[in-house]
Amino acid sequence: MMNFISVIGAGTMGNGIAHVFAQHGHKVNLIDLSPESLKKGIATITKNLDRQVSKGLIDEDKKKETLENITTYTTIAEGVKSVDLVVEAATENVDLKLKIFAQLDEICDENTILATNTSSISITKIAAATKRPDKVIGMHFMNPVPVMKLVEIIRGYATSDVTTANIVALSKGLGKVPTECNDYPGFVANRILMPMINEAIISLHEGVAGVEEIDTIMKLGMAHPMGPLQLADFIGLDVCLSIMNVLYEGLGNPKYAPCPLLVNMVMAGKLGVKSGEGFYDYSEGPKNAKVSASFK
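Everything quoted here is computed from the prediction, not taken from an experiment. (Residues numbered from 1 in each chain as written. Predicted model: local features only at pLDDT ≥ 70, side-chain atom pairs only at ≥ 80, totals over all residues. Heavy atoms only, no water.)

### Here we look at the packing of aromatic side chains
For step 1, the next point in the chain: Taken as a whole and assessed by the stated rule, the structure comprises four aromatic pairs.
For step 2, the next point in the chain: Seen from their ring centres, Phe234 and Tyr282 are 6.2 Å apart, and the 85° between their planes marks the pair as edge-to-face. Taken as a pair, Phe234 in helix 10 (residues 228-235) and Tyr282 in the loop between strand 9 (280-281) and strand 10 (290-291) lie far apart in primary sequence, 48 residues in all.
For step 3, the next point in the chain: For Phe234, a relative accessible area of 39% puts it in the partly exposed group.
For step 4, the next point in the chain: On the numbers, 5.6 Å between centres and 35° between planes, the contact of Phe279 with Phe295 is tilted. One end of the pair, Phe279, is in the loop between helix 12 (260-267) and strand 9; the other, Phe295, is in the segment after strand 10, and 16 residues separate them in sequence.
For step 5, the next point in the chain: Residue classification places Phe295 among the partly exposed residues on the basis of a relative accessible area of 23%. (Phe/Tyr/Trp six-rings, centres within 6.5 Å; stacked < 30°, edge-to-face > 60°. Helix = DSSP H or I, 4+ residues; strand = E, 2+ residues; numbered from the N terminus. Buried < 20%, exposed > 50% of the residue type's maximum accessible area, 1.4 Å probe, protein only.)

### Digging into the side chain of Lys176
For step 1, the next point in the chain: Among the secondary structure elements, Lys176 is positioned in the loop between helix 7 (161-173) and strand 8 (177-182).
For step 2, the next point in the chain: The buried charged residue Lys176 lacks any salt bridge, with Glu152 as its nearest oppositely charged partner at 14 Å.
For step 3, the next point in the chain: Within the local environment of Lys176, its side chain forms a polar contact with the backbone oxygen of Met148, the two atoms lying 2.7 Å apart.
For step 4, the next point in the chain: Ignoring any residue separated from it by four or fewer positions in sequence, one finds Lys176 in contact with Val20, Val145, Pro146, Val147, Met148, Lys149, Val151 and Ser171. (Lys, Arg positive; Asp, Glu negative; His and termini not counted. Salt bridge = Lys/Arg side-chain N within 4 Å of Asp/Glu carboxyl O. Polar contact = N/O pair within 3.5 Å; in protein donor to acceptor, adjacent residues only side chain to side chain. Contact = heavy atoms within 4.5 Å.)

### Quick look at the UniProt feature "site: Important for catalytic activity" (unreviewed entry) in the chain
For step 1, the next point in the chain: When the UniProt feature table is mapped onto this chain numbering, "site: Important for catalytic activity" (unreviewed entry) sits at His140.
For step 2, the next point in the chain: Judged by its relative accessible area of 7%, His140 is buried.
For step 3, the next point in the chain: Not counting chain neighbours up to four residues away, the residues in contact with His140 comprise Thr116, Asn117, Thr118, Ser119, Leu150, Val151, Glu152, Ile154, Ala189 and Asn190.
For step 4, the next point in the chain: Only 2.8 Å separates the side chain of His140 from the side chain of Glu152, close enough to count as a polar contact. (UniProt positions renumbered as here; feature names shortened; annotations may be inferred.)

### As for the nonpolar core
For step 1, the next point in the chain: One finds Phe21, Leu85, Met139, Phe141 and Ile167 to be the most contacted residues of the largest nonpolar core, which totals 32 residues.
For step 2, the next point in the chain: When neighbours within four sequence positions are excluded, Met139 is seen to be in contact with Phe21, Leu85, Val87, Ala115, Thr116, Asn117, Val151, Glu152, Ile153, Ile167 and Ser171.
For step 3, the next point in the chain: With 27 residues, the next largest nonpolar core counts Ala232, Leu241, Cys259 and Leu261 among its residues. (Core = buried A, V, L, I, M, F, W, Y, C linked by side-chain atoms within 4.5 Å.)

### Re the UniProt feature "domain: 3-hydroxyacyl-CoA dehydrogenase NAD binding" (unreviewed entry) in the chain
For step 1, the next point in the chain: The positions that UniProt labels "domain: 3-hydroxyacyl-CoA dehydrogenase NAD binding" (unreviewed entry) are, in the present scheme, residues 5-183.
For step 2, the next point in the chain: Measuring from the first to the last C-alpha atom of residues 5-183 gives 24 Å, for a span that is 43% helix and 22% strand.

### Brief notes about the pattern of salt bridges
For step 1, the next point in the chain: Under the definition given, this model contains 13 salt bridges.
For step 2, the next point in the chain: Residues Lys97 and Glu92 are paired through a salt bridge, measuring 3.6 Å at the closest nitrogen-oxygen approach.
For step 3, the next point in the chain: A salt bridge links Lys270 to Glu277, with the nearest nitrogen and oxygen atoms 3.1 Å apart.
For step 4, the next point in the chain: Take Lys270: its relative accessible area is 33%, and that puts it in the partly exposed class.

### Comments concerning helix 8 (residues 189-205)
For step 1, the next point in the chain: With 17 residues, helix 8 ought to run about 24 Å at 1.5 Å a step, and its terminal C-alpha atoms sit 24 Å apart, in line with that.
For step 2, the next point in the chain: Within the span of helix 8, buried status applies to Asn190, Met194, Ile197, Asn198, Ala200, Ile201, Ile202 and Leu204.
For step 3, the next point in the chain: Those residues of helix 8 that are buried lie in contact with strand 6 (136-141), helix 9 (211-222), helix 10, helix 11 (237-251) and helix 12.
For step 4, the next point in the chain: Positive backbone phi, approximately 80°, marks Gly207, located one or two places after helix 8. (Expected span 1.5 Å × (residues − 1).)

### Let's talk about the packing of helix 9 against helix 10
For step 1, the next point in the chain: Following both chains from N to C, one finds helix 9 and helix 10 inclined at 100°, their axes separated by 7 Å at the closest point. Taken together, the axes of helix 9 and helix 10 lie roughly perpendicular to each other. For the pair formed by helix 9 and helix 10, the contact residues are Val211, Ile214, Asp215 and Met218 on the first element and Pro228, Leu229 and Gln230 on the second.
For step 2, the next point in the chain: Class assignment for the residues of the contact of helix 9 with helix 10 results in five nonpolar, one polar and one charged. (Axes fitted to C-alpha atoms, helices over the stretch in contact; angles between N-to-C directions. Parallel < 35°, antiparallel > 145°, perpendicular 65-115°, else oblique. Nonpolar A, V, L, I, M, F, W, Y, C, P; charged D, E, K, R; others polar.)

### Remarks on the packing of helix 1 (residues 12-23) against helix 2 (residues 35-54)
For step 1, the next point in the chain: One can describe the packing of helix 1 onto helix 2 by two numbers: an axis separation of 9 Å at closest approach and a directional angle of 55°. By the angle between their axes, helix 1 is oblique relative to helix 2. Note on packing geometry: the crossing formed by helix 1 with helix 2 is right-handed. Between helix 1 and helix 2, the contacting residues are Asn15, Ala18, His19 and Gln23 on the first element and Gly41, Thr44, Ile45, Asn48, Leu49 and Gln52 on the second.
For step 2, the next point in the chain: Split by residue class, the contact of helix 1 with helix 2 holds three nonpolar, seven polar and no charged. (Left-handed = near helix turned anticlockwise from the far one by under 90°.)

As structure tokens, this is what we get:
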């Protein structure tokens, strides 16, 4: 039974993962080098728990218990002592992840499973930075973590059946639906989603239709809750570009080449919601988004 969990990174994904584990009775060490990020992470978890209380999904006692299950740390060495599982949810940067996993391998107990929440970086490559590749696995949670049911479970080349079975069982215990796939660029979720987003950007770039028209067609015609251009803004255009580059470099197929418009927007710092502007203008908040002046 994996009772003690460490989560590295208190950002959007990390605090969501910590929230879900803590709500289901696990003791969670939430680790971030920045005290400010930890403070913001706990504030976000509290706000999301309040939302669950207001909807009648949990009561005040469960909220209190969840928050009491989380301890914060600013150093990895302190935060991963004697835990059963570490889930890394740091920035999507391959060099950073390799450095973290090499460090975890040195510090953690020999039986600790090391998981990464990467959305596209090779699990096999990350595992190769350790001496326990059989105990390294991908746990790709979806955003927002407390709401979304899927956990994409990615087996690296050397991930053992025992490790996979343990992580599948653990994910089910969180009320999630774990779905297995193998370690190839983009896995399944992003191998299918990102080329669709990229194609929507190409359609805009080539003048096939405008921002609102493309998103409306996909929302009303394909029953998508959000259009691909607005979804790209919410994911972050820099993240979309990074994943497209992983697909393009990893598979060597020109169909995965990122649209030049996407490249230019990222270079110009138009990253979507996080920067205040992407395909839409978020100066009045995400709920009052308007098509960016650049595309009118």
